[in-house]
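Commentary on secondary and tertiary structure
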Amino acid sequence: MRLSALVAPSLLTLVSLVLADDAPSDVLSLTSSSFLPSVEKESIILVEFFAPWCGHCKALAPHYEEAATALKAKNISIAKVDCVDQADLCQANGIQGYPTLRVYRYGEATDYRGPRKADGIISYMIKQSLPAVSDVTATNHDEFKQADQIVIVAYLATSTDALAAEFSATAEKHRDDYLFGASTDPEAIAEAKVDPPAVVVYRKFDEPRVPYPFPIADATAADLEDWIKELAVPTLAEVTSENYAVYVQSGKSLAYLFLDPTADHKEPAIELLLPIASKYKSKLNFVWIDAIKFGDHAKALNLAEVKWPSFVIQNVAKQLKYPYDQSKELDADGVEKWVTDYLEDSLVPQLKSQPIPETQEENVYTLVGKEFDSVIFDDSKDVFIEFYASWCGHCKRLAPIWASLADHYAPLKQTLTIAKMEATENDLPPSAPFSIAGFPTIKFKKAGTKEFIDYEGDRSYESLVAFLEENAVNSLEIPEVPVVTEEEEKAQVPLHAEEIHDEL
């Protein structure tokens, strides 16, 4: 999902320069001499490794500054390292892309896995700074319940209750995702209006207070985890690049309502979908999305027309798309039937495919969606395939190497297929037991099987050859081409060849 703007980059550059030159900053600037002393003394510190020319770094900068100011009040430090000015320091820390964010605890680093907006950074770092389960008392009860989008509190008679261990296990696993607290304070328990043991989820959306609905005494960490995951997703909310991962991690299919948020149809369309979302929430996640901002995503989900509102269901795990007919107006009965047909597995996914090439000009086989099964699942052949995107820089760098590999093994086309598929223009069919999450993705299928092996080596010609030699079922021995001498060529030409002609 990308947002392009005409003047934003130049304005952002100007803002960055002003901030750098004139405004005081709560972000610490670290150098080779100050880096280790700073990260080793802090119980927690967030460090951004950046390059001044990096567009993503410039976009992050104002959010990073805002978060630094807010977190300073909570004694949480935020720092940055300029990898142009401090190249050796960044190289020593294995920095390969920008921005790279890491959380350090007394010098020990872990990857930052949170959002990149100010409020998301603040929320993530507060969670990181707290113990997995915070102590909740009557004094901080109200404040704690409202401290994040989702807060889970266990109310216990004693800290040794059987539930405490299961609750702690859940909190340790999901400390990056949610805020957990526990209370044995009788006043806090009375204020929560529960009888211990009890667990309550507090949310800033939908129903704001949800007690665990089953007998809690026998609840396991897995039970609590499933229940919290279910409550963590709103019935119907806007999806953006910031919260998209929440929906993907839920494991459910995603039902999108694409609309223009400035148009009159926005509220009626949401009201139309809300009862359906409420009814089928346990089986599908429902969202609305800005069709103007994320028009490319609409195309990726096979919504061909620029017509809003539009509805589409996506099987996220298999990357299959089921767009509602855009020639029809959305109505509640039609959308609900589309949902129930999907849940009953009676819808056929709409698969995007480029036309089948009339000829194959290169030794790399150009594969399209319509041919996937016949080419990939040819039992007689080993298949080595690259899934790429035309805009991907890594794919462009791989292209000549991939072509050289195909040229080398060209004599073995009857037993080895080296192929490529433009994955943004061609959908994988249901028969593919995987989805494409990044580019390039390289997979290998042995002859006589339907299982795929991920290629995870470097993208050098030598490594690709070594991988094939290790995994191919069929022989990779290149047949020798007989060398014809000049004398042999002359011997093959009949005498008086110029006098030979066809007769009618």
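A brief look at the structure comes next. The model shown is predicted, which means the values in this text are computed figures rather than measured ones.

**Here's the deal with the state of the cysteines**
Per the counting criterion, the structure on display carries one disulfide. One disulfide bridge connects Cys83 with Cys90, the sulfur atoms lying 2.0 Å from each other. Residues Cys83 and Cys90 are joined by a disulfide whose S-S torsion is about -85 degrees; by sign, that bridge is left-handed. An identical accessibility class is assigned to Cys83 and Cys90; each is buried.

**So, the sheet that holds strand S16 (residues 365-366)**
Strand order in the open sheet made by the five strands is S16-S18-S17-S19-S20, with mixed pairing throughout. Either end of the sheet is taken by a strand with one partner, and the two such strands are S16 and strand S20 (452-454). Summarising the sheet, S16 and strand S18 (residues 416-422) pair through two bridges and their orientation is parallel. Paired with Tyr365 across the bridge in S18 is Ala419.

**Regarding the environment of Gln249**
Topologically, Gln249 is positioned in helix H10 (residues 244-250). Separated by 68 residues in the primary sequence, Gln249 and Ala317 have C-alpha atoms spaced 10.0 Å apart.

**Focus: the packing of helix H11 (residues 266-280) against helix H13 (residues 332-343)**
With their axes 9 Å apart at the nearest point, H11 and H13 run at an angle of 25 degrees to one another. Here H11 is positioned roughly parallel relative to H13, judged by the angle of their axes. Crossing of H11 against H13: the hand is right-handed. From H11, Leu272, Leu273, Ile276, Lys279 and Tyr280 reach across to H13, where they touch Ala332, Val335, Glu336, Val339, Thr340 and Leu343.

**Observations concerning the nonpolar core**
As a rule of thumb, soluble globular proteins bury nonpolar side chains together. With 24 residues, the main nonpolar core has Ile152, Val199, Leu224 and Trp227 as its most contacted residues. For this core, the element with the most residues is helix H9 (residues 221-232), which contributes five residues. If near-sequence neighbours (up to four positions away) are discounted, Trp227 is found in contact with Val199, Val200, Val201, Val210, Pro211, Tyr212 and Pro213. Formed by 23 residues, the second largest nonpolar core is a distinct cluster that contains Ala255, Trp288, Tyr324 and Val339.

**Let's talk about the pairing of S18**
Of all the seven residues making up S18, six are buried; the element is thus mostly covered by neighbouring parts of the structure. As judged from the seven bridges shared by strand S17 (residues 382-388) and S18, these two strands associate in the parallel manner. Considered in S18, the bridge of Ile385 is made with Ala419. Handedness of the β-α-β unit built from S17, helix H15 (residues 393-408) and S18 comes out right-handed.

**Structural notes on the environment of Gln128**
Summarising the element assignment, Gln128 is placed in helix H5 (residues 118-129). Between the C-alpha atoms of Gln128 and Ala221, which are 93 residues apart in sequence, the distance is 20 Å. Ignoring anything within four residues of it in the chain, the contact list for Gln128 reads Ile44, Arg105, Arg175 and Asp176.

**A look at the packing of helix H7 (residues 162-173) against H9**
One way to put it is that H7 packs onto H9 with a least axis distance of 8 Å and a crossing angle of 50 degrees. In terms of orientation, H7 lies oblique with respect to H9. Judged by the sense of rotation from one axis to the other, the crossing of H7 with H9 is right-handed. Contacts between H7 and H9 involve Leu163, Glu166, Phe167, Ala169, Thr170 and Lys173 on the former and, on the latter, Ala221, Leu224, Glu225 and Ile228.

**So, the packing of aromatic side chains**
The relation between two aromatic rings is expressed through the spacing of the ring centres and the mutual angle of the planes. Applying the stated criterion across every chain, the model contains 23 aromatic pairs. Ring geometry for Phe384 and Tyr455: centres 6.1 Å apart, planes at 75 degrees, overall edge-to-face. Taken as a pair, Phe384 in strand S17 and Tyr455 in the loop between S20 and helix H16 (461-471) lie far apart in primary sequence, 71 residues in all. Given a relative accessible area of 10%, Tyr455 falls into the buried group. With a centroid separation of 5.0 Å and an interplanar angle of 90 degrees, the aromatic rings of Tyr455 and Phe467 are classed as edge-to-face. One end of the pair, Tyr455, is in the loop between S20 and H16; the other, Phe467, is in helix H16, and twelve residues separate them in sequence. With relative accessibility at 12%, the residue Phe467 sits in the buried group.

**Considering H13**
Taking 1.5 Å per residue, twelve residues should reach 16 Å; H13 reaches 17 Å between its end C-alpha atoms and fits that length. Listing the buried residues of H13 in full gives Gly334, Val335, Val339, Asp341 and Tyr342. One side of H13 carries all its buried residues, which in axial view fall inside an arc of 165 degrees. Residues Asp333 and Lys337 are exposed on H13 and point more than 90 degrees away from its buried face. By the N-cap criterion, in which a side-chain oxygen at the helix start approaches the backbone nitrogen of a residue two or three places on, H13 is capped by Asp331, the distance to Asp333 being 3.1 Å.

**Some thoughts on the pattern of salt bridges**
Inspection of the entire model under this criterion finds 13 salt bridges. The salt bridge involving Lys229 is made with Glu225; its shortest N-O contact spans 3.9 Å. Of the two residues, Lys229 and Glu225 both sit in helix H9, four residues apart, roughly one turn of that helix. The class for Lys229 is partly exposed, based on a relative accessible area of 31%. Under the relative-accessibility criterion, Glu225 is labelled buried at 13%. It is possible to trace a salt-bridge network through shared partners that takes in Lys173, Glu225 and Lys229.

Conventions used here
Residues numbered from 1 in each chain as written. Predicted model: local features only at pLDDT ≥ 70, side-chain atom pairs only at ≥ 80, totals over all residues. Heavy atoms only, no water. Disulfide = S-S within 2.5 Å. Buried < 20%, exposed > 50% of the residue type's maximum accessible area, 1.4 Å probe, protein only. Pairing = 2+ DSSP bridges. Helix = DSSP H or I, 4+ residues; strand = E, 2+ residues; numbered from the N terminus. Axes fitted to C-alpha atoms, helices over the stretch in contact; angles between N-to-C directions. Parallel < 35°, antiparallel > 145°, perpendicular 65-115°, else oblique. Left-handed = near helix turned anticlockwise from the far one by under 90°. Contact = heavy atoms within 4.5 Å. Core = buried A, V, L, I, M, F, W, Y, C linked by side-chain atoms within 4.5 Å. Right-handed = clockwise from strand over helix to strand, strands pointing away. Phe/Tyr/Trp six-rings, centres within 6.5 Å; stacked < 30°, edge-to-face > 60°. Expected span 1.5 Å × (residues − 1). Arc of directions from axis to C-beta. Polar contact = N/O pair within 3.5 Å; in protein donor to acceptor, adjacent residues only side chain to side chain. Salt bridge = Lys/Arg side-chain N within 4 Å of Asp/Glu carboxyl O.

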